[in-house]
Amino acid sequence: MAPSISTDLPPLPPAYDSALVRYRLLGQVRAERAGEPLPPGTPKQQALLAALLLRGGEQVERTELVRAVWGERAPDSAAGLLATYTARLRKALEPDRARRAAPRLLITRGTTYGLHLRRDALDLWRFEDALSEARRERRAGRVGAARTCYERALAQWRGEQALSGVPERCAADARHRFAGLRLDARLEHAEALLDLGEHAEAAERIAPLVPGRPYDERLQALLMLALYRSGRTPEALALFRGVRRALVHDLGVEPRPGLSRLHERILHADPSLAAPRQPPHTPACPAPAHRLPVPAQLPRDSADFTGREEEVRQLRELLRRPDSPAAVCPTVVISGAAGLGKSTLAVHVAHQVRDRFPDGQLYAVLGGRAPADVLGRFLEDLGVAPHEVPDGLERRAVRFRTLTAERRLLVLLDDAQSTDQLRELLPAAPGCAVLVTSRAPLRDLPGRVPLRLGPLDAAQSLRLLRRFASGAPLASVAALPYRSAATATATSALHSLADGCAGHPLALRLAAARAADEAARVDDIGGPPASHPGFPDGPRTARTRIASAG
C-alpha cells in the first residue's frame, strides 16, 4: 500500500498577516490571536491542536489524528468527534469567518487536516531557531552573543512541562524529547555564563535542576565549578560528596573519572580552574570550528535493482524536502513481510538522495540490538572519543540529539523490531531524516510516514528474474536455456518460475541463481535437469526459503 504524501499548503493570505495567530507547545497548549489567548477547549481538543502543530503545518490523515487523540483504543464515534473538535478549533481561530466561507487557517482536504503555520508563529520553532543561532555564535567564539541567543531560546518556555493540558498518552514522547532539548539548552547556557565569568548567575540557574537529576554528572560538574568560582568551595565539595553517596548507594557505581578529577582539582585549588580571561573585543575572524566527521555508512547499492518504480518515486519525494528553515524531514517506515526487498529498496533510495544530507549518512542493522549500544557506536562515528561516550541510554540520547542538532543527516535503521527500540535513535533536528525498515508497521511511532511493501506484480517479477539469472539488464529470455522432456519454451519456463516465487524478490533471486546454475550444468553434461530449474522440489519451495529472511 502506497503512503499518503503530505502536500504543502499555499501561502497564508495577506489579509491575515496583521492578525497573526501564534501557537504554544512549550507549556500550556494554546493559540493566541492578535495577542489575545483563545479558549483552550477540552483536553482532547488541545490534543488535536498539539498533533497538528507537531506535524509542522503538513496535512495529516484523519486516522493518524484519531490515534494521536485517543490512542489505539479509539471509540467508534472518534471520526465524528474529531470533526466536532476541528469545527470548534476552526471557529476559535477564525471567529469572523462567514459561515460558508472557506477556512484559511485550519484546512481540510479529503481525509486530511492541516494548519497554516509561519516559522515565527510556533514557540517550538522559535526555541529551536534561537538555540541553533546560540550554538553557531558559541562555536565562532562570540560567547556574549551566544548567551543572548540562549536566553531568547529559553524564554519561549512557559512552565516546566511542554504540552501541558494534553493527556499523557498523547504527549509522552514529545514531552520527553522537548525536555531533553531544554536541558541541553540550559546546560549550554550555564557553560556560556561560566566562560563570561558570570559564575554566581550560572550557579543560580542550574542549582534548581540538581534535585530532579541526582545522577547527572555533567550537571553536577557544572554546578561544582560555578560554586567554586563563586568562592563557595565548601558547597562545591559537599555537592560532590552527595553525588558520590547517591551513585554508590543507589546505583552501586563510583562517579566517572571526569567528576572525580574535578573534585581533586577543587580540593587542591588548581589554578587552571580559574575563570578564563575574556578578550576585550570579539575577534574579527574567529578560528574555524573543529570539523566534525562526515560518516558515509550506506551499504553498497544493488547493481541489479529492478522494479518498485512507484515506491522509489514516493520515497524520493518524501526525502527530498525543500531547502528551507521550516522544512521538516520525515521518519519513513518501510514495512512488509520477509523477503520483499525492504532493505534493498531503502539502501537504493538512500543512495539516490544522499546529496540532500551533506553531513553524512548513518546506518545500523538493529535486529535485537539494544538502542544504547547503537547510540554508542553512532556517537563515536560522529567524533566522540570512546572514553567520552556517556553511560546509559538517556545520556547517550541527549548527546546524540546535541551532536545532530544543526546537521543534515540521513539515518537508515534496518530491521527494527519495535517502536521502543527506535525512540531514542531519532535525531530531533528538522534537517535530519530517518529511513526505517521493519516487518511490523510500527503504528505507534510518532510522526511516522508509512510505506507498506507488497509482492512484485507479474511484469516486475519477470524483469527481475531475467536480470538476476542472466547477470545483464533485460537479457533475452533465450539467455536462460531451460530444457524439458516436452517442448516447453524458455518463456513458459520463466513464467512458471516467476509464478512459483509469488512476487518475492528474494525467492526470485534464489530461483534465478539455481536456474542459471542448472542450465550451465545441463550444457556441460548434455542431460535434462531432474526437476524445475529453480528448486529441486519445484518452484513452491521458493516461498519457504524466505521464512527467516529480513
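Residues numbered from 1 in each chain as written. Predicted model: local features only at pLDDT ≥ 70, side-chain atom pairs only at ≥ 80, totals over all residues. Heavy atoms only, no water.

**Section: the sheet that holds strand β8 (residues 361-365)**
Keep this limit in mind: Each pair of strands is called paired provided DSSP finds at least two bridges between the two strands. Segments assigned H or I by DSSP are reported as helices when at least four residues long, segments assigned E as strands when at least two residues long, and all are numbered from the N terminus. Inter-axis angles, ranging from 0 to 180 degrees, are taken between N-to-C directions of lines fitted to C-alpha atoms, where helices are fitted over the stretch in contact. Throughout, a residue-residue contact means that at least one pair of heavy atoms, one from each residue, lies within 4.5 Å.
Judged by pairing direction, the sheet is parallel, and its five strands sit side by side in the order β8-β9-β10-β7-β11 without closing on themselves. Lying at the two open borders of the sheet, with one neighbouring strand each, are β8 and β11 (448-452). On average, each strand axis in the sheet is tilted by 15° relative to the strand beside it, whichever way the strands run. Helix α13 (residues 371-381) rests against β8 and β9 (410-414) of the sheet, and its axis sits at about 155° to β8.

**What to know about the packing of helix α11 (residues 309-319) against helix α12 (residues 342-353)**
Short version of the rule: Here the angle decides the label: under 35 degrees means roughly parallel, over 145 means roughly antiparallel, 65 to 115 means roughly perpendicular, and every other value means oblique. By convention, the crossing between two helices is left-handed when the near helix turns anticlockwise from the far helix through less than a right angle, and right-handed when the turn is clockwise. The residue classification treats Ala, Val, Leu, Ile, Met, Phe, Trp, Tyr, Cys and Pro as nonpolar and Asp, Glu, Lys and Arg as charged. All others, Gly included, are polar.
For the pair α11 and α12, the least separation of the axes is 10 Å and the interaxial angle reads 45°. Viewed along their axes, α11 and α12 adopt a mutual orientation that is oblique. Along this stretch, α11 crosses α12, giving a crossing that reads as right-handed. Contact residues: α11 offers Glu311, Val312, Leu315, Arg316 and Leu319, while α12 offers Leu345, His348, Val349, Gln352 and Val353. Of the residues assigned to the contact of α11 with α12, the class counts are six nonpolar, two polar and two charged.

**A short note on the nonpolar core**
As a reminder of what qualifies: Put simply, buried Ala, Val, Leu, Ile, Met, Phe, Trp, Tyr and Cys residues joined by side-chain atoms within 4.5 Å make one nonpolar core. Throughout, exposure labels follow a simple rule: accessible area from a 1.4 Å probe, protein chains only, divided by the maximum for the residue type, with under 20% read as buried, over 50% as exposed, and the rest as partly exposed.
One finds Tyr23, Leu52, Leu93, Leu115, Leu163 and Phe178 to be the most contacted residues of the largest nonpolar core, which totals 54 residues. At the level of secondary structure, the elements contributing two or more residues to this core comprise β1 (21-24), α1 (43-54), α2 (62-70), α3 (78-93), β6 (112-115), α4 (123-139), α5 (143-154) and α6 (168-195). In terms of residue count, the dominant contributor to this core is α1 (seven residues). Leave out the neighbours within four places in its chain, and Phe178 touches Leu26, Leu54, Leu124, Trp157, Ala162 and Leu163. By size, the runner-up hydrophobic cluster in this structure holds 29 residues, among which are Ile206, Val210, Val243 and Leu247.

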